[in-house]
Amino acid sequence: MIPAPFAYERPTTVDEALQAIAAGGEDVKILAGGQSLIPVMRLRLAAPETVVDLTRVTELRGVREEGDVLVIGAMTTHHDVITDPLIAQHAPLIAEATETVADRQVRHRGTFGGALAHADPAGDLPAVALALDAEFVLAGPNGRRTVGASDFFVDYLTTALEEGELLVEIRVPKLTGSWGVRYEKFNRVAQAWSIVAVAAAVRRENGHIAEARIGLTNMGPTPLRARATEAALAGAAVTAEAIADAARSAAEGTSPSSDLNAQADYREHLAQVLTRRAVSAAAGL
Amino acid sequence: MTSINVRVDGASYSDDVEPRTLLVHYLRETLGKVGTVVGCDTSNCGACTVHLDGEAVKSCTVFAVQADGSEITTIEGIAGGDGALHPVQKAFHEMHGLQCGYCTPGMIMASIDLLKENPSPSETEIREGIEGNLCRCTGYQNIVRAVQQAAGEMSGATGGQA
Ligand SMILES: Cc1cc2nc3c(=O)[nH]c(=O)nc-3n(C[C@H](O)[C@H](O)[C@H](O)COP(=O)(O)OP(=O)(O)OC[C@H]3O[C@@H](n4cnc5c(N)ncnc54)[C@H](O)[C@@H]3O)c2cc1C
Ligand code: FES
Ligand code: FES
C-alpha cells in the first residue's frame, strides 16, 4: 500500500530538526533509516501529519572516542556500525549483534539510533545497549539530557523520549581489561527477528570470571538484564558446570510473551540455553 | 509536491513527487523502469532491490524524496552499452538461476552488491548475502550456483585472465 499523505521536512542540523518537530503539528514522526517506520506507514498503522527526515543531519552520523567512552551518532547505519574500526576495537558486541539484524539491504538504511528508539522487544540492539550500560543523549526544546539504558527502555515500543525530543547519540563505556563477548540469537529463518537472544560480556581475571553482563532480547516488553545469573557468575570458576549452574537462573524475573513463534515457557528455556552458550563463548570455553 | 533531481541508470531526471511516493513507484510509474518489481507489502522480499549511491536498498522502503541528489542503478542499467549482459545476469541465465523470474531483478542487484564487498564469497556467505531476497520457485540452489559462477568470472576478469 501507499502511505497516507504527509508534510515532509528535511533539516540539516539538530536545531533545525527540533524546530521542525515543534512546528510539525499534532502527529510528527521522526524518520531515521525508515526500515521500521516506512513499513508501518505502508500498512497505514501510522499516518503522521509531518515526517521529519534526519538523513541529512550529518552531525548525527559516525563514531568517535571521548576518553573511556565510545560515542555513536544516532544516524550511524547498521552497515557503518559493522564496519567501524572503533566499534570493532572497543564494543565488538555491538558489531556482532548488528550483523544478525535483518539483511544487507535493510542494514544499509537502518540506523543504530532508530533501532533503539523503536524499542521493539524482539529488536537485537536494545539488549546489547543495556548489557553495555550505554547512556542515551536526548535533545529537546529545553536542551539536552542523558538517560541510562535501564531508564531509557520504558515499555513495549516505548522509551524515555518525550514528545518533541530526539535521540542524538549513544555513549558506550569502552570495555577495558580482558573481556570476551558473544551475541547468541535464536530465530527460525533468514532475516527473522529474535525469538529470544542473549548478549553476554564476560571479564576474566586470574582464571575466574570477575564480572559478567548479560542482556536478554524478547524476554519481556523491554530488554532485561539476567541479574541472578550475573550474580552467580561473579567470582565463579571458568568451567562448563559453573556456567551451566548460573545459566539456570537466566529467566528469573522475566515476563516473556506467548506468540506465533513460541510459548512463554519455551522462551524461558531458550533464555537458559542461550545464556549458557553466550557466556561460555564469551568466557573463552 | 517536492521537486527532486536524481540520476537513474546514467540519465538525469527532475520531477515533482508527493513525499509519500515510494522510490519503487517513482521508478516504475514516473520513469517507466518496470524492470524493478514489487513483491510484498512488508519490506521482506527484496524483489525491489536497487543500488542507491552504490548500496543495495529495498526501493519499496525508501521515499523518492529521500533519493533527491542521488545516483540510482536499477536492473535496467547494469548491462553494457552494447547490450552485453552483466556477468551476474549472464550467470543467472547460464546456471538457470530462475524459474518464474519475479525475484530475479532483486536477486541480481543484491548479488552484485555482495560481490562488490566480497569478491569470492563462500556458499554460506552467498546465502547470507541474499538473505533479504525471497524466491518462491527455485529453492535457491541454482541462484547460489549462479552467484558462484559470476564470482569466478568477475575475479578472473579483474585478474586479467579469462
Ligand atoms: C525485513 C526486516 C527485517 C528486520 N529484522 C530485524 C532484526 O532481525 N533485528 C532487529 O533488531 N531489527 C530488525 N529490523 C528493523 C531494523 O533494525 C530497523 O533498522 C530499526 O528497527 C529501525 O531503524 P531505522 O533507522 O530504520 O528507524 P525508522 O524506521 O526510521 O524509525 C523507527 C522509529 O524510531 C523513531 N526514531 C528513529 N530515530 C530516532 C531518533 N534519532 N530520535 C527519536 N526517535 C527516532 C521513529 O520516529 C520511528 O518511530 C528489520 C527490518 C526489516 C524491514
Ligand atoms: S517489494 Fe520491496 S521488499 Fe518486497
Ligand atoms: S524464480 Fe520465481 S520467485 Fe524466484
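Rules of the game
Residues numbered from 1 in each chain as written. Chains lettered and ligands numbered in written order. Predicted model: local features only at pLDDT ≥ 70, side-chain atom pairs only at ≥ 80, totals over all residues. Heavy atoms only, no water. UniProt positions renumbered as here; feature names shortened; annotations may be inferred. Helix = DSSP H or I, 4+ residues; strand = E, 2+ residues; numbered from the N terminus. Rg over C-alpha atoms; globule rule 2.2 N^0.38 Å. Buried < 20%, exposed > 50% of the residue type's maximum accessible area, 1.4 Å probe, protein only. Contact = heavy atoms within 4.5 Å. Areas by Shrake-Rupley, 256 points an atom, 1.4 Å probe, with all protein chains shown as cover. Lys, Arg positive; Asp, Glu negative; His and termini not counted. Charge placed at Lys NZ, Arg CZ, Asp CG, Glu CD. Phe/Tyr/Trp six-rings, centres within 6.5 Å; stacked < 30°, edge-to-face > 60°. Buried area = accessible area lost by both parts, 1.4 Å probe. Polar contact = N/O pair within 3.5 Å; in protein donor to acceptor, adjacent residues only side chain to side chain. Nonpolar A, V, L, I, M, F, W, Y, C, P; charged D, E, K, R; others polar.

Chain B goes by Carbon-monoxide dehydrogenase small subunit in an unreviewed UniProt entry, where it is assigned to Trujillonella endophytica. Quoted verbatim from the Pathway (unreviewed entry) field of UniProt, the annotation for chain B is "Alkaloid degradation; nicotine degradation."

As annotated in an unreviewed UniProt entry, chain A carries the name Carbon-monoxide dehydrogenase medium subunit and is attributed to Trujillonella endophytica.

Counting its regular elements, chain B contains 5 helices and 5 strands. Listing every helix and strand of chain B by position from the N terminus yields β-β-α-β-β-β-α-α-α-α. Over its C-alpha trace chain B gives a radius of gyration of 16 Å, about what one expects of a compact globule, namely 15 Å for 162 residues. In chain B, which comprises 162 residues, the share counted as buried stands at 50%. For chain B, restricting intrachain contacts to residue pairs at least 6 apart in sequence, the fraction spanning at least 24 positions comes to 57%. As displayed, chain B offers around 7,000 Å² of accessible surface, 48% of which is attributable to carbon and sulfur atoms. Side-chain charges of chain B comprise 10 positive and 20 negative groups, with the mean position of each set lying 6 Å from the other.

A separate point is the packing of aromatic side chains. Residues and elements named next belong to chain A. Evaluation of the coordinates by the stated rule reveals 4 aromatic pairs over all chains. Here the aromatic rings of F136 and F152 are separated by 4.0 Å at their centres, their planes lie at 5°, and the arrangement is stacked. Placement of the pair is F136 in strand 6 (residues 135–140) and F152 in helix 9 (residues 149–152), with a sequence separation of 16 residues. One exposure class covers both F136 and F152, and it is buried. Residues F136 and F153 carry aromatic rings whose centres are separated by 5.6 Å and whose planes lie at 85° to one another, so their mutual orientation is edge-to-face. Taken together, the residues span a long stretch of sequence, with F136 in strand 6 and F153 in strand 8 (residues 153–155) at a distance of 17 residues. Among the aromatic residues, those joined into a ring-pair cluster are F136, F152 and F153.

A few words on the interface of chain A and chain B. In this complex, chain A contributes 33 residues to the contact, which on the side of chain B involves 32 residues. Note on chain A versus chain B: buried area summed over both sides is about 2,800 Å², and carbon and sulfur give 49% of it. Among the residues chain A hides against chain B, the three largest losses belong to A:R42, A:R104 and A:Q105. Together they make up 26% of the total. Summed over the shared surface of chain A and chain B, the number is 15 residue pairs in polar contact (both at pLDDT 80 or more). Secondary-structure elements contributing two or more residues to the side of chain A that touches chain B are helix 2 (37–42) and helix 6 (104–109) of chain A. Ranked by residues supplied to the side of chain A that touches chain B, first place goes to helix 6 of chain A with 6 residues. Grouping the amino acids of the side of chain A that touches chain B by side-chain chemistry returns 16 nonpolar, 8 polar and 9 charged.

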